[in-house]
Structure formats: structure tokens, C-alpha cells
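If you want the building blocks of each chain, they are given just below.
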Amino acid sequence: ETADDHVRFLNDDLCASGLPDASFDLLVSWQTLEHIADPAAAMRETHRLLRPGGFAYHEYNPFFAIDGGHTPVTLDVPWGHARLDHADIERYLRQFRPAEAEDAMAFLRTALNEKSQRDIREAIDASGLETTAWIPRFRPEDALRVTPDVLRDVRAVHPRADLLDLTCRIVRCVLRRPAEP
């Protein structure tokens, strides 16, 4: 007996999977959740795909972290990607990084969801999944760089973002589909 007898790796659309209901004991994703346009749909599908009592593990780099969800729109200004709206980001890129502007803006529009941790947790709760662990990797050195102006600027563009969003570069979450009674 080998691991191949028990483990499968699949490439699928977590928001609209064609796989059968209750197919998995475990779903895992790394550096993916920040790129899913509709995290609520992904959580509903996760619930559907997991067997009762099954687990999901997501590790992601939030958009609001200082490094911007490892995105090409991370600017030279701390949290610039979160402090500026899309039009201002585009103006900045066209002025200071014109060779990257087109691709970076396409990435921002299509490959980042700009969701706060609160948004993700609400999507999880609405799906019927249980959060068994939520582990934000807090960076004290990032917290020391968040000034009142930074937080004010971010909230002006993204009202649901908070200090924890700005200071966590990685969030790990363990979810469970409740066992049926």
C-alpha cells in the first residue's frame, strides 16, 4: 500500500467544482484564498465537497498585509496598495513603473479579492463550516509602522479593514464540516 492509494492531488475550481458531494476528508490550499474572487462561493463548495467531519486547511497571504497578498501592485509606499483606490494605484504605476502598469492592474482587477479577515470569516460562518483554528501570523514590526494616517487612509478605501488585517502577512485557518447528527 502506498500514499497513492490514499492521496489525490486535483486541480479544480473551488468556487464551482464538478466533483461529487462529500468526496473528501481533507481539502488544502496554500496562497490561494486571497486570489479567489468569491470566497463565499469557495466556502460553500468546501462545505459541499467535504464529508461530514472533514477538514479544510487554508494558508493565505492577505491583501491588506504590507506586502499586499504578494502582488505586483505592492507599491513603494507602505500599504500603498490598500491606501489608494484603483484609479490612484493605476496613476502611480503609470508614473513610477510604466512597464509593469498594465499587467499589475490586470492582476489587481482579476486575481485579488481585497477581502478583510472579517469578510473571510463571515463567508466561512455563512457556509456552515466551523472554524476550528484561525491563526493570523502577526508581525510586531509591521504594527510599529502602522500610523494613524495609514489606518485612516486604508479605512477610507476599505472600511472593513482593521489593524489585524494590516499586520498579518499569513493567516492559517482550519475549518471543519460538522458531523451530521
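In the block above lies the structure referred to throughout.
This report concerns the structure included in the present document. (Residues numbered from 1 in each chain as written. Predicted model: local features only at pLDDT ≥ 70, side-chain atom pairs only at ≥ 80, totals over all residues. Heavy atoms only, no water.)

## Overview of the overall build of the protein chain
Broken down by element type, the protein chain carries eight helices and four strands. Principal-axis analysis of the C-alpha atoms gives the protein chain an extent of 55 × 30 × 30 Å. Within the span of the protein chain, comprising 181 residues, buried residues form 41% of the whole. Taking as baseline every contact in the protein chain between residues at least 6 positions apart, the subset at least 24 positions apart corresponds to 72%. (Helix = DSSP H or I, 4+ residues; strand = E, 2+ residues; numbered from the N terminus. Buried < 20%, exposed > 50% of the residue type's maximum accessible area, 1.4 Å probe, protein only. Contact = heavy atoms within 4.5 Å.)

## Considering the side chain of S116
Here S116 lies in the loop between helix 4 (98-111) and helix 5 (117-127). Looking at S116, the relative accessible area reads 1%, which means it is buried. Once you skip the residues sitting within four places of it in the chain, S116 turns out to touch F64, R160, A161 and D165.

## Describing helix 7 (residues 148-157)
All buried positions along helix 7 are accounted for by V150, L151, D153 and V154. In an axial view of helix 7, the angular spread of the buried residues amounts to 165°, which keeps them on one side of the axis. Along helix 7, the residues that are exposed and aim more than 90 degrees away from the buried face are P148 and A156. Packing partners of the buried residues in helix 7 comprise helix 2 (80-83) and helix 8 (163-167). (Arc of directions from axis to C-beta.)

## Re the packing of helix 1 (residues 39-49) against helix 5
At their nearest, the axes of helix 1 and helix 5 sit 8 Å apart, and the two run at 35° to each other. Helix 5 is crossed by helix 1, and the crossing has right-handed handedness. Seen from helix 1, the contacting residues are P39, A40, M43, R44 and H47; seen from helix 5, they are I120, A123, I124 and S127. (Axes fitted to C-alpha atoms, helices over the stretch in contact; angles between N-to-C directions. Left-handed = near helix turned anticlockwise from the far one by under 90°.)

## Quick notes on helix 3 (residues 86-96)
Among the residues of helix 3, I89, Y92 and L93 are the ones counted as buried. Down the axis, helix 3 shows its buried residues gathered within 95° of arc, on one side only. Relative to its buried face, helix 3 has exposed residues pointing more than 90 degrees away, namely R91 and Q95. Buried positions along helix 3 lie against helix 2 and helix 4. Backbone nitrogen of A87 and a side-chain oxygen of the N-cap are separated by 3.2 Å at the start of helix 3; the cap is D85. (Polar contact = N/O pair within 3.5 Å; in protein donor to acceptor, adjacent residues only side chain to side chain.)

## Quick word on the sheet that holds strand 2 (residues 50-60)
If you walk across this open sheet you meet the four strands as 1-2-4-3, and the pairing is mixed. For this open sheet the edge positions go to strand 1 (24-30) and strand 3 (130-138), each flanked by a neighbour on one side alone. Averaged over all pairs of adjacent strands, the angle between their axes in this sheet comes to 10°, without regard to strand direction. Bridge analysis of strand 2 against strand 4 (residues 168-176) gives six bridges, and the strand direction is antiparallel. (Pairing = 2+ DSSP bridges.)

## Quick notes on the nonpolar core
Within the largest apolar cluster, 21 residues are counted, with the highest numbers of intra-cluster contacts made by L93, V154 and L166. Going through the elements one at a time, helix 3, helix 4 and helix 7 are the ones with two or more residues in this core. The dominant element in this core, judged by the number of residues it contributes, is helix 4, at four residues. If we ignore the near neighbours within four places in the chain, the residues touching L93 are V73, L75, P98, A101, A104 and M105. F24, A42, C168 and L175 belong to the second-largest nonpolar core, a separate cluster that totals 19 residues. (Core = buried A, V, L, I, M, F, W, Y, C linked by side-chain atoms within 4.5 Å.)

## A closer look at the layout of surface pockets
Approximately 790 Å³ is the volume found for the largest pocket. Lining the largest pocket are 25 residues; nearest its centre among them are R8, L10, L26, L27 and V28. Residue assignment for the lining of the largest pocket shows that the elements contributing at least two residues are strand 1, helix 1 and strand 2. Counting residues per element, the lining of the largest pocket draws most heavily on strand 1, at seven residues. Across the lining of the largest pocket, the residue classes break down as 13 nonpolar, seven polar and five charged. (1 Å grid on protein atoms, 1.4 Å probe; cavity = no way out; pocket = protein on both sides within 12 Å on 5 of 7 lines; lining within 4 Å. Points joined across faces, edges and corners; volume = space filled by probe spheres on them. Nonpolar A, V, L, I, M, F, W, Y, C, P; charged D, E, K, R; others polar.)

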